[in-house]
Amino acid sequence: MDLEEYKNQGIAARKNIDINQIKVIGEGILNSFKNNGKLIVFGNGGSAADAQHFVAELTGHFMKERKALPAIALTTNTSSLTAIGNDYSYEDIFSRQIQALCRKEDYVVGISTSGNSKNVVKAIEEANSIGAFTLGFTGKSGGKLSGICRNVFHADSDLTSIIQEIHITAIHMICSIIDVNY
């Protein structure tokens, strides 16, 4: 694909972001905070970076100064990740942390461009069993996350790099909603 085509596919995917869905997600996270819940986010590779970026915008600040908000990325504790991966399996690295940290008041976001990452799916299933609100960030098809999350944000692309670009755009939009309303 040439650069012009890549740019145009990215523009089209960005134009297809559902603003109303972004508002619903932002309000849902705000409601979780107001009910003494926290945001828990996780994913693999670039999605792990997006999870950490999301949390940094909330525990630090996005566009305005405000109180630090309770958010955690399950990708940042290398001792937990390696111990769980070694003692159990890589599929359990997030679900074991969900068992330890998640409560029903929490808002849980699993990020997977395919929607099929086994460790993300397993953690969402665990969060569902606890009663937390679950959101999947996926690509166009949604994969397995589409069938198990209470809400799913679909980036309108099948190309991983564009999906990731749309995910970070949506994350910034959600952070903007939180900034304005918290």
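The structure we're discussing is the one just above.
Residues numbered from 1 in each chain as written. Predicted model: local features only at pLDDT ≥ 70, side-chain atom pairs only at ≥ 80, totals over all residues. Heavy atoms only, no water.

Draft legend 1. Looking closely at unusual backbone geometry. With phi around 65 degrees, Asn36 is a residue other than glycine that occupies positive phi space. Turning to its location among the elements, Asn36 is positioned in the loop between helix 2 (19–34) and strand 1 (39–43). (Helix = DSSP H or I, 4+ residues; strand = E, 2+ residues; numbered from the N terminus.)

Draft legend 2. A look at the pattern of salt bridges. Applying the stated criterion across every chain, the model contains six salt bridges. When the shortest N-O distance is used, the salt bridge between Glu4 and Lys7 registers 3.1 Å. Taken together, the residues Glu4 and Lys7, both in helix 1 (residues 3–15) and three residues apart, mark about one turn of the helix. Given the relative accessible area of 46%, Glu4 is considered partly exposed. Two residues, Lys140 and Asp156, come together in a salt bridge whose shortest N-O distance is 3.6 Å. Here Lys140, found in the loop between strand 4 (133–138) and helix 7 (145–148), pairs with Asp156, found in the loop between strand 5 (151–154) and helix 8 (160–181); they are 16 residues apart in sequence, far enough to count as distant. (Salt bridge = Lys/Arg side-chain N within 4 Å of Asp/Glu carboxyl O. Buried < 20%, exposed > 50% of the residue type's maximum accessible area, 1.4 Å probe, protein only.)

Draft legend 3. Quick look at the nonpolar core. In this structure, Ile29, Leu39, Phe54, Leu58, Phe137 and Phe153 are the most contacted members of the largest nonpolar core, which totals 34 residues. Of all the secondary-structure elements, those providing two or more residues to this core are helix 2, strand 1, helix 3 (46–59), strand 2 (71–73), strand 3 (107–111), strand 4 and helix 8. Ranked by residue count, the leading element in this core is helix 8, at ten residues. With residues up to four places along the chain from it excluded, the contact list for Ile29 reads Leu39, Phe54, Tyr107, Ile174 and Ile178. Within the second largest apolar cluster, 19 residues are counted, among which are Val108, Ala123, Ala127 and Cys149. (Core = buried A, V, L, I, M, F, W, Y, C linked by side-chain atoms within 4.5 Å. Contact = heavy atoms within 4.5 Å.)

Draft legend 4. Structural context of the packing of helix 3 against helix 8. Where helix 3 contacts helix 8, the axes come no closer than 10 Å and their chain directions differ by 15 degrees. Between helix 3 and helix 8, the angle falls in the class roughly parallel. Pair helix 3 / helix 8 crosses with right-handed handedness. Taking contact as the criterion, the partners of Gly46, Ser47, Asp50, His53, Phe54, Glu57 and Leu58 in helix 3 are, on helix 8, Gln164, His167, Ile168, Ile171, His172, Ile174, Cys175 and Ile178. In terms of residue class, the contact of helix 3 with helix 8 is built from seven nonpolar, six polar and two charged. (Axes fitted to C-alpha atoms, helices over the stretch in contact; angles between N-to-C directions. Parallel < 35°, antiparallel > 145°, perpendicular 65-115°, else oblique. Left-handed = near helix turned anticlockwise from the far one by under 90°. Nonpolar A, V, L, I, M, F, W, Y, C, P; charged D, E, K, R; others polar.)

Draft legend 5. Fine view of the environment of Val152. With respect to the helices, strands and loops of the structure, Val152 is situated in strand 5. A relative accessible area of 12% places Val152 in the buried class. Between the alpha carbons of Val152 and Gly136 there is a distance of 4.6 Å; along the sequence they are 16 residues apart. Among residues more than four places away in sequence, those in contact with Val152 are Gln21, Leu135, Gly136, Thr138, Leu145 and Ser146.

Draft legend 6. The arrangement of helix 6 (residues 118–130) in detail. Taking 1.5 Å of rise per residue, the 13 residues of helix 6 would be expected to cover 18 Å, and the 19 Å separating its terminal C-alpha atoms lies within 8% of that figure. For helix 6, the complete set of buried residues consists of Asn119, Val120, Val121, Ala123, Ile124 and Ala127. Residues of helix 6 that are buried in the fold lie against strand 1, helix 5 (95–101), strand 3, strand 4 and helix 7. (Expected span 1.5 Å × (residues − 1).)

Draft legend 7. Local environment of the environment of Glu105. Its location among the elements puts Glu105 in the loop between helix 5 and strand 3. We classify Glu105 as partly exposed; its relative accessible area is 32%. A C-alpha to C-alpha distance of 8.3 Å links Glu105 and Phe33, two positions 72 residues apart in sequence. Once you skip the residues sitting within four places of it in the chain, Glu105 turns out to touch Ser32, Asn35, Asn36, Gly37 and Lys38.

Draft legend 8. Local environment of the sheet that holds strand 5. Strand order across the open sheet formed by five strands is 2-1-3-4-5, with parallel pairing between neighbours. Each edge of the open sheet is held by one strand with a lone partner, namely strand 2 and strand 5. Each strand axis lies, on average, 15 degrees off the axis of its neighbour in the sheet, ignoring direction. Note: strand 3 against strand 4, five bridges, orientation parallel. Within strand 4, the position partnered with Val108 by the bridge is Thr134. Each of strand 1, strand 3, strand 4 and strand 5 is contacted by helix 2, which is oriented at about 135 degrees to strand 5, the strand it contacts most. Running over the sheet, helix 3 touches strand 1, strand 2 and strand 3 and is turned about 155 degrees from strand 1. (Pairing = 2+ DSSP bridges.)

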